[in-house]
Amino acid sequence: MPKHTPGPWLVTRDSRSPCAIEAKGGDGGALALVYLTDGKTRKRTPEARANALLMAGAPALAEAALQALCDYESMSAPYQNVAVVEALRKALTDAGVAL
């Protein structure tokens, strides 16, 4: 499975469209444009910015989740939370992160 573009990812305003927020990789290349408007004025909405910030935070979130998974898996049985381990594995796998 291919790896994602390494972070950090950034959120910038996109000059090509009044209703876009661009997520950029650390090298400045475009990763995604988030289009979400109120449908009438084509103005950016708080939800669009929140979505872009979540996308931009994905590399750091994936890294933190992978570290948490490693930490949980290294714990002995009485301390290991199986539900958390399963949730982390599923989230990382669904996101395409190699375990």
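What you see is a predicted model; the values in this text were computed from it and never measured.

> Whenever I open this one, the pattern of salt bridges confuses me. Can you help?
Any two side chains of opposite charge can pair if their charged atoms end up close together. Inspection of the entire model under this criterion finds two salt bridges. Of the charged contacts, one joins Glu-73 and Arg-89 as a salt bridge, the two residues approaching to 2.7 Å between their closest N and O atoms. Here the residue Glu-73 occupies a position in helix 2 (residues 58-73), and Arg-89 occupies one in helix 3 (residues 82-94), the gap between them amounting to 16 residues. Look at Glu-73 and you get partly exposed, because its relative accessible area is 34%.

> It is not clear to me how the packing of helix 2 against helix 3 should be interpreted in this structure. Could you clarify?
Between two packed helices, the angle of one axis relative to the other and the distance separating the axes together describe the packing. Where helix 2 contacts helix 3, the two axes come as close as 10 Å, and the packing angle between them is 145 degrees. For the crossing formed where helix 2 meets helix 3, the hand is left-handed. On helix 3, the residues touching Ala-62, Ala-65, Leu-66, Ala-68, Leu-69, Tyr-72 and Glu-73 of helix 2 are Val-84, Val-85, Leu-88, Arg-89 and Leu-92. Looking at side-chain class alone, the contact of helix 2 with helix 3 contains ten nonpolar, no polar and two charged residues.

> Can you help me understand helix 1 (residues 46-56) in this one?
Residues three or four positions apart in an α-helix share a direction because the helix packs 3.6 residues into each turn. Within helix 1 the residues assigned to the buried category are Ala-48, Ala-52 and Ala-56. An end-on view of helix 1 places all buried positions within 70 degrees of arc, on one side of the element. The outward face of helix 1, more than 90 degrees from its buried face, is lined by the exposed residues Pro-46, Glu-47 and Leu-54.

> What is the right way to look at the nonpolar core in this model?
One recurring pattern in soluble globular proteins: nonpolar side chains tend to sit buried together. Ala-62, Ala-65, Leu-69, Val-85, Leu-88, Leu-92 and Val-97 together form the largest nonpolar core, which totals seven residues. Of all the secondary-structure elements, those providing two or more residues to this core are helix 2 and helix 3. In this structure Leu-69 touches Val-85, Leu-88, Arg-89, Leu-92 and Leu-99, once residues within four positions along its chain are discounted.

> How should the packing of helix 1 against helix 2 be read in this particular structure?
Where helix 1 contacts helix 2, the axes come no closer than 5 Å and their chain directions differ by 50 degrees. In this view, helix 1 runs oblique relative to helix 2, as classed from their interaxial angle. Contacts between helix 1 and helix 2 pair Leu-54, Met-55 and Ala-56 from the former with Ala-58, Pro-59 and Leu-61 from the latter. Within the contact of helix 1 with helix 2, the residues separate by chemical class into six nonpolar, no polar and no charged.

Definitions and cut-offs
- Residues numbered from 1 in each chain as written.
- Predicted model: local features only at pLDDT ≥ 70, side-chain atom pairs only at ≥ 80, totals over all residues.
- Heavy atoms only, no water.
- Salt bridge = Lys/Arg side-chain N within 4 Å of Asp/Glu carboxyl O.
- Helix = DSSP H or I, 4+ residues; strand = E, 2+ residues; numbered from the N terminus.
- Buried < 20%, exposed > 50% of the residue type's maximum accessible area, 1.4 Å probe, protein only.
- Axes fitted to C-alpha atoms, helices over the stretch in contact; angles between N-to-C directions.
- Left-handed = near helix turned anticlockwise from the far one by under 90°.
- Contact = heavy atoms within 4.5 Å.
- Nonpolar A, V, L, I, M, F, W, Y, C, P; charged D, E, K, R; others polar.
- Arc of directions from axis to C-beta.
- Core = buried A, V, L, I, M, F, W, Y, C linked by side-chain atoms within 4.5 Å.
- Parallel < 35°, antiparallel > 145°, perpendicular 65-115°, else oblique.

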